[in-house]
Amino acid sequence: MSNGLIPATILTGFLGSGKTTLLKRVLTEAHGQKIAVIENEFGEENIDNDILVADTEEQIIQMSNGCVCCTIREDLRSTLSDLAERRRKGLIAFDRVVIETTGLADPGPVAQTFFMDDEIAESYLLDSVVTLVDAVHADEQLNTRQEARRQVGFADRLFISKADLAPTAALDALQYRLRQMNPRAPQRSVHFGEVAIAEIFDIKGFNLSAKLDIDPDFLADQAHGHDHHHHHHDGEACDHPSHHAHDDDVKSFVFRAKRPFSPAKLEDFLGSVVQVYGPKMLRYKGVLYMKGSDRKVVFQGVHQLMGSDLGPKWAPGEDKLSKLVFIGIDLPRDILEQGLEQCLV
Ligand SMILES: Nc1nc2c(ncn2[C@@H]2O[C@H](COP(=O)(O)OP(=O)(O)OP(=O)(O)O)[C@@H](O)[C@H]2O)c(=O)[nH]1
């Protein structure tokens with residue numbers, strides 16, 4: 001960009017909406033740009049880095065876990081400032097930054113960082129907020145989750161993923177609903193993240209006055225999340241994990257194992273467990289060590305929908321282990337842990 005500011009894109013969307021899929025696609029597309037990615041993951045473990053890092057040479061900056069709304073705000077600020085400084089000194093080169101937020105994040109405070117902090121504002125230009133919407137689960141998410149609605153409200157562009165799995169009538173209804181919620185943002189379906197680079201970068205979409213409509217205190221709310229006076233909208237609470245008592249319903253845990261999984265047992269177990277607990281399982285994903293395979297298996301799902309892909313080979317000398325993160329409401333942790341344990345060889 002001519003003004004020397006580093007363009008930044010905030011990639012948001014509810015849990016499992018296809019952010020990583022899209023990002024991975026963008027990173028592997030031959031566009032000649034160097035992209036720094038800041039991952040902000042909810043859960044004890046950043047599985048996305050394992051997935052993303054697998055086949056790109058891009059820079060992935062891992063941030064600490066937790067809540068974008070509260071603690072991460074400071075971390076994001078320092079991560080951005082650190083990146084800009086290393087770039088100025090010529091220690092690293094990149095053309096733009098993408099921040100992938102956690103599915104449970106309100107993008108408001110993330111976007112605010114670019115305006116509230118002078119140092120950040122002098123180095124970066126927030127280009128746009130890009131929001132992915134899951135065609136299969138969006139209705140339910142929008143009905144029940146304030147963050148999902150805020151993600152739509154803040155979007156400069158809406159991409160609808162999993163349209164391949166939704167009936168046409170449902171898709172039409174969803175598009176209508178999204179248009180009511182955010183008439184400014186163009187929307188289109190995106191199949192497994194297949195999107196032209198020009199459609200997500202240099203949109204110059206971040207329109208401050210529109211943001212101020214959604215959140216009149218957007219620029220005033222400096223203390224958001226750091227004290228108990230921060231305001232909420234429409235009487236709704238800001239739901240961010242681990243910092244507010246009312247979030248206690250959403251929890252995550254990580255399952256780890258050094259012994260390999262028996263593929264058949266695992267398939268049986270997961271198939272039956274999602275039949276019963278699928279509605280509570282917001283998101284689960286992991287990198288699995290399978291008996292009889294020299295490659296990692298990347299496994300993930302949202303509610304009852306799950307799938308797996310063959311990942312890269314285990315590197316020589318790399319410790320083979322499985323790592324699965326589950327995010328959900330009142331998750332039956334014991335049942336999952338014991339069940340998984342029994343699927344090990
Ligand atoms: N059928 C279908 N599946 C998709 C599409 N896009 C993504 N998926 C699948 O949806 C699942 C979730 O995709 P991710 O890209 O990991 O979603 P995410 O938003 O990064 O997830 P979190 O960051 O964990 O919340 C994966 O199994 C993808 O393969 C699509 O267009 N169609």
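Structure: above.
This section reports on the structure supplied with the text.

Cut-offs and rules
- Residues numbered from 1 in each chain as written.
- Predicted model: local features only at pLDDT ≥ 70, side-chain atom pairs only at ≥ 80, totals over all residues.
- Near = placed C-beta within 6 Å.
- Helix = DSSP H or I, 4+ residues; strand = E, 2+ residues; numbered from the N terminus.
- Nonpolar A, V, L, I, M, F, W, Y, C, P; charged D, E, K, R; others polar.
- Domains from an automatic or database assignment.
- Buried ≥ 20, exposed ≤ 12 C-beta atoms within 10 Å, placed from the backbone.
- Pairing = 2+ DSSP bridges.
- Contact = placed C-beta atoms within 7 Å.
- Axes fitted to C-alpha atoms, helices over the stretch in contact; angles between N-to-C directions.
- Parallel < 35°, antiparallel > 145°, perpendicular 65-115°, else oblique.
- Core = buried A, V, L, I, M, F, W, Y, C linked by C-beta atoms within 7 Å.

## A look at the site of the ligand
- Within the structure, the ligand sits among 20 residues, and Gly18, Lys19, Thr20, Thr21 and Gly103 are positioned closest to it.
- Mapped onto the shell around the ligand, the elements with two or more residues apiece are α1 (19-28) and β9 (281-288).
- For the shell around the ligand, the element with the most residues is α1, which contributes 3 residues.
- Of the residues in the shell around the ligand, the class split is 3 nonpolar, 12 polar and 5 charged.
- Here the shell around the ligand spans two domains, and each of domain 1 (6-214) and domain 2 (249-342) adds at least three residues to it.

## Describing α1
- Burial within α1 is extensive, with 8 of its 10 residues counted as buried.
- Of all the positions in α1, only Lys19, Thr20, Thr21, Leu22, Leu23, Lys24, Val26 and Leu27 are classed as buried.

## Some thoughts on the pairing of strand β12 (residues 322-329)
- Burial analysis of β12 places 6 of its 8 residues in the buried class, which makes it a mostly covered element.
- Bridge count between β9 and β12: 6 bridges; the pairing is antiparallel. Within the sheet, the bridge partner assigned to Gly286 lies in β12 and is Leu324.

## So, unusual backbone geometry
- The phi angle at Lys162 is positive, at roughly 60°, despite the residue not being glycine.
- Locating Lys162 in the fold gives a position in the loop between β6 (157-161) and α8 (168-181).
- The backbone of Phe192 shows a phi angle near 45°, a positive value even though the residue is not glycine.
- Within the secondary structure, Phe192 is located in the loop between β7 (187-189) and α9 (197-200).
- Given 13 C-beta atoms within 10 Å, Phe192 falls into the partly exposed group.

## Focus: the environment of Gln151
- Here Gln151 is to be found in helix α7 (residues 146-154).
- Ignoring anything within four residues of it in the chain, the contact list for Gln151 reads Thr12, Gly13, Phe14, Pro107 and Thr131.

## With respect to the packing of helix α4 (residues 107-116) against α7
- Axis separation between α4 and α7 bottoms out at 9 Å; the angle between their running directions is 45°. Considering the angle they form, α4 stands oblique to α7. Contact residues: Pro107, Gly108 and Ala111 in α4; Arg150, Gln151 and Phe154 in α7.

## Description of the nonpolar core
- Residues Val97, Ile99, Leu158, Ile160 and Phe326 are the most contacted members of the largest nonpolar core, which totals 69 residues.
- Ranked by residue count, the leading element in this core is strand β5 (residues 124-134), at 6 residues.
- Both domains that furnish three or more residues to this core are identified here as domain 1 (6-214) and domain 2 (249-342).

## Overview of the pairing of strand β11 (residues 305-313)
- Here 7 bridges tie strand β10 (residues 295-302) to β11, and the two strands are oriented antiparallel to one another. Bridge pairing in β11 links Val297 to Leu310.
- With antiparallel pairing between neighbouring strands as the criterion, β10 and β11 make up a hairpin whose turn holds 2 residues, including His303 at a positive phi of roughly 50°.

Function cannot be read off these values alone, since they describe shape.
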